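# Topology and contacts: notes
Chain by chain, the residues run as shown.
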Amino acid sequence: MKKLFLGVLVGAILFFGVNGVKLFACASSASGQEFCSKQNCQQAFCIEEKFFKKAHFILENQQDLELSDEQIEKIKTLKINVKKDLIMKDASIEVSELDIQSAFMKGEIDVNAINKLIDEKYNIKKDRAKLLVKSYADLKNILTKMQKDKMKEIWLSKESKGPKESKEKKCMMKNKRK
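Our subject in this report is the structure included herewith. (Residues numbered from 1 in each chain as written. Predicted model: local features only at pLDDT ≥ 70, side-chain atom pairs only at ≥ 80, totals over all residues. Heavy atoms only, no water.)

## Considering the packing of aromatic side chains
Enumeration over the complete set of coordinates arrives at two aromatic pairs. Ring plane angle 80° and centroid distance 4.9 Å describe the contact between F51 and F52, whose orientation is recorded as edge-to-face. Residue class for F51 comes out buried when judged on its relative accessible area of 0%. Between F57 and W155, the aromatic rings sit 5.3 Å apart at their centres with planes inclined by 80°, giving edge-to-face as the arrangement. You can see F57 sitting in helix α2 (residues 47-60) and its partner W155 sitting in helix α6 (residues 145-177), a full 98 residues away along the chain. Taking the relative accessible area as the measure of exposure, F57 reaches 8% and is therefore buried. (Phe/Tyr/Trp six-rings, centres within 6.5 Å; stacked < 30°, edge-to-face > 60°. Buried < 20%, exposed > 50% of the residue type's maximum accessible area, 1.4 Å probe, protein only. Helix = DSSP H or I, 4+ residues; strand = E, 2+ residues; numbered from the N terminus.)

Structure (structure tokens):
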């Protein structure tokens, strides 16, 4: 009876522990919007999406930012290396999840062993997040102060054009329906 209760308790802790972390980490913004489209990354603030969008934006506007060939190469190399590292870390996380599942399938549940596997999984996730933060900082540090200022200027000009265009399109769509 004690073993059954302990098994149910550990299962509940793991379920709510893993899903509870997801609930807090994947909270949406105050407006109810989720900013990250990636399946594993539904947080209100997704570092991975922010990194890749920023890198894409910089490369897309490389002429306006007057990037040197060396800067372009550094950004492309950084993107590739980050992508590789993320693939490896995601694979490690998936393997850790399978190890946890496997530990639950054993007749006798070793709570300490499962706790170690859970710690291992979340240490990898922590390292993944830290990698993205460092990579984002490295990306921004490739640019000069003048290029950063110009990037902000380009971003704001594109952002201000975006909503007006979409409002016009909505108005046009309403008029077509009438």
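## Regarding helix α5 (residues 111-142)
Between its terminal C-alpha atoms α5 stretches 47 Å, which fits the 46 Å expected from 32 residues at 1.5 Å a residue. When we look at burial in α5, the residues that qualify are I114, L117, I118, K121, I124, R128, L131, L132, S135, Y136, L139 and I142. Capping the start of α5 is the job of one residue whose side-chain oxygen sits 3.3 Å from the backbone nitrogen of N112: D110. (Expected span 1.5 Å × (residues − 1). Polar contact = N/O pair within 3.5 Å; in protein donor to acceptor, adjacent residues only side chain to side chain.)

## Some points on helix α4 (residues 69-105)
Counted at 1.5 Å a residue, the expected span for α4 with its 37 residues is 54 Å, and the 54 Å between its end C-alpha atoms agrees. All of the buried residues along α4 are Q71, I72, I75, L78, V82, L86, I93, S96, I100 and A103.

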